[in-house]
Amino acid sequence: MKKFNDKKALKHCLLEYKNKNKSIGFVPTMGALHKGHLSLIKKAKEKNDVVVVSIFVNPTQFDNVEDLKKYPKTLKNDIKLLESVSCDVLFSPSVEEIYADKIVSKKFIFDGLEHQMEGKFREGHFDGVGTIVNALFEIIEPNKAYFGQKDFQQLQIIKKMVKKKNLAIKIKGCPIFREKDGLAMSSRNVRLSKEQREIAPFIFKTLKKVRKKFGTKSVSEINEWVENQFKKQPLLELEYFTIAEEKTLETAQIKESNKKYRAFIAVFAGKIRLIDNIRLKN
Ligand code: AMP
């Protein structure tokens, strides 16, 4: 695997591939890699000649200083994992390489997608995401880029950005990779205490029950039921639960048969914030 910290050197290397008509698949990450990330990389390997993975803990997308400071960093192990799935190129720039001396995000309008859910609870988060993904797209200019449905709102926002900027990049959404007990894999899971880790699968168990209830119960009945479930769980604090339409991410009030819906959830286990979502069938 080729490794770069320097964007010019990376661009030079990628130009050689592009001149040979090789397709480039790109997987942006913040490192502390797990099987969820590897599933994206494997998908990219199947569909492209060359796979580039970036590891960059992007400061402008964190609304919480402590979360940024404590974000797990495991570069040595990440490199081993990347080599195990035959990743071709790693780009792991410094903050200065990306932001020079101005660590600020640009402002983006994603036609309202940015005001829902994560946008309400993490101020400036999607401006930070837009800034870094756009910067990485400009450096790498991939043919395809792979994002997890674990961050479904982010996936929709990146699709919107590509459409608005008219970029020639295909955005591919990949399914959520889970632990055996259903907990969605996340770099933050390693920070959970033993007790928190034991109770955390409750989040997905609740979402699965929501999927069942969606056939027979109203949205407001389901909202109330979820809130009550979490009131019985002292180790988990519900931040939000929303049933939203997939395309606009607007909260659903009533079910319409021609629309696709998902249930989205954010929960605190102590100071660790976990998110998950599930596709619903009407
Ligand atoms: P992160 O390193 O958390 O920024 O994630 C990098 C990419 O991996 C994003 O597109 C995430 O949505 C995706 N990802 C993270 N966790 C999972 C998972 N459990 N299953 C599938 N994709 C994931």
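Under an unreviewed UniProt entry, the name given to the protein is Pantothenate synthetase, and the source organism is Polaribacter batillariae. In UniProt, the protein has this text filed under Pathway (unreviewed entry): "Cofactor biosynthesis; (R)-pantothenate biosynthesis; (R)-pantothenate from (R)-pantoate and beta-alanine: step 1/1."

Chemist: So what's going on with the overall build of the protein? Which residues, and what values?
Modeler: Secondary structure summary: the protein contains 11 helices and nine strands in total. Radius of gyration (C-alpha) of the protein: 19 Å, near the 19 Å computed for a compact globule of 282 residues. Taken along its principal axes, the extent of the C-alpha atoms in the protein is 55 × 45 × 35 Å. Counting only carbon and sulfur atoms, one obtains 49% of the accessible surface of the protein, whose full area is about 14,700 Å². Each charge class in the protein was averaged separately, 56 positive and 35 negative side chains, and the resulting centres sit 5 Å apart.

Chemist: For a positive patch on the surface, give the residues involved together with the corresponding values.
Modeler: Where like charges cluster on the molecular surface, the positive patch consists of Lys205, Lys208, Lys209, Arg211, Lys232 and Lys281. For lysine 208, a relative accessible area of 37% gives the class partly exposed.

Chemist: Lay out the site of the ligand with the relevant residues and their values.
Modeler: The ligand sits among 17 residues. The nearest are Met30, His37, Asp151, Phe177 and Met185. Contact between the ligand and methionine 30: an oxygen atom at 2.9 Å from a main-chain N or O atom of the residue. Interatomic distance of 2.9 Å between a backbone N/O atom of glycine 148 and an oxygen atom of the ligand. Summarising the interface, the protein chains cover 93% of the accessible area of the ligand, which totals 480 Å² for the free molecule. Along the lines of polarity and charge, the residues of the shell around the ligand split into nine nonpolar, six polar and two charged.

Chemist: Account for the sheet that holds strand 9 (residues 272-280), with residues named and values stated.
Modeler: The strands that make up a sheet are held in pairs by hydrogen bonds between backbone atoms, and each pair lies either parallel or antiparallel. Within the open sheet, the three strands sit side by side as 7-8-9. Their pairing is antiparallel. Two strands bound the open sheet, and with one partner strand each, they are strand 7 (237-245) and strand 9. Here the average twist between neighbouring strands, direction ignored, is 15 degrees. Pairing between strand 8 (residues 261-269) and strand 9: nine bridges, direction antiparallel. When the bridges of strand 9 are listed, tyrosine 261 appears paired with leucine 280. Helix 11 (residues 219-231) contacts strand 7 and strand 8 of the sheet and is inclined by roughly 160 degrees relative to strand 7.

Chemist: Pulling in residues and values, what's your account of the domain arrangement of the protein?
Modeler: On domain assignment, one finds that the protein holds domain 1 (2-174) and domain 2 (187-280). Computed over C-alpha atoms, the centres of domain 1 and domain 2 are 26 Å apart. Counting residues at the interface gives 22 residues for domain 1, matched by 20 residues for domain 2. Overall, the association of domain 1 and domain 2 removes approximately 1,900 Å² of surface from exposure, summing both partners, and the carbon and sulfur fraction of that is 53%. One can count nine residue pairs in polar contact (both at pLDDT 80 or more) joining domain 1 with domain 2.

Chemist: Describe in detail the UniProt feature "binding site: (R)-pantoate" (unreviewed entry) in the protein, supporting the description with residues and values.
Modeler: The sites that carry the UniProt feature "binding site: (R)-pantoate" (unreviewed entry) are, in the present numbering, Gln61 and Gln154. For the residues just named, distributed over 94 residues, the greatest C-alpha separation is only 11.4 Å, placing them together at one site. For glutamine 61, the location among the structural elements is in the loop between strand 3 (50-55) and helix 3 (65-69). Its relative accessible area of 9% is what places glutamine 61 among the buried residues. Beyond its immediate sequence surroundings of up to four residues, glutamine 61 is in contact with Met30, Arg122, His125, Gly128, Val129 and Ile132. Its place among the elements puts glutamine 154 in helix 8 (residues 152-165).

Chemist: Provide a residue-level description of the UniProt feature "active site" (unreviewed entry) in the protein, including the pertinent values.
Modeler: When the UniProt feature table is mapped onto this chain numbering, "active site" (unreviewed entry) sits at His37. Inspection of the secondary structure assignment puts histidine 37 in helix 2 (residues 35-47). Judged by its relative accessible area of 13%, histidine 37 falls in the buried class. If we skip the residues at most four places from it in the chain, histidine 37 touches Thr29, Gly31, Ala32 and Ser187.

Cut-offs and rules
Residues numbered from 1 in each chain as written. Predicted model: local features only at pLDDT ≥ 70, side-chain atom pairs only at ≥ 80, totals over all residues. Heavy atoms only, no water. UniProt positions renumbered as here; feature names shortened; annotations may be inferred. Helix = DSSP H or I, 4+ residues; strand = E, 2+ residues; numbered from the N terminus. Rg over C-alpha atoms; globule rule 2.2 N^0.38 Å. Areas by Shrake-Rupley, 256 points an atom, 1.4 Å probe, with all protein chains shown as cover. Lys, Arg positive; Asp, Glu negative; His and termini not counted. Charge placed at Lys NZ, Arg CZ, Asp CG, Glu CD. Patch = residues over 30% accessible without salt bridge, like charges linked within 9 Å, V, L, I, M, F, W, Y side chains within 5 Å. Salt bridge = Lys/Arg side-chain N within 4 Å of Asp/Glu carboxyl O. Buried < 20%, exposed > 50% of the residue type's maximum accessible area, 1.4 Å probe, protein only. Near = heavy atom within 4 Å. Polar contact = N/O pair within 3.5 Å; in protein donor to acceptor, adjacent residues only side chain to side chain. Nonpolar A, V, L, I, M, F, W, Y, C, P; charged D, E, K, R; others polar. Pairing = 2+ DSSP bridges. Axes fitted to C-alpha atoms, helices over the stretch in contact; angles between N-to-C directions. Contact = heavy atoms within 4.5 Å. Domains from an automatic or database assignment. Buried area = accessible area lost by both parts, 1.4 Å probe.

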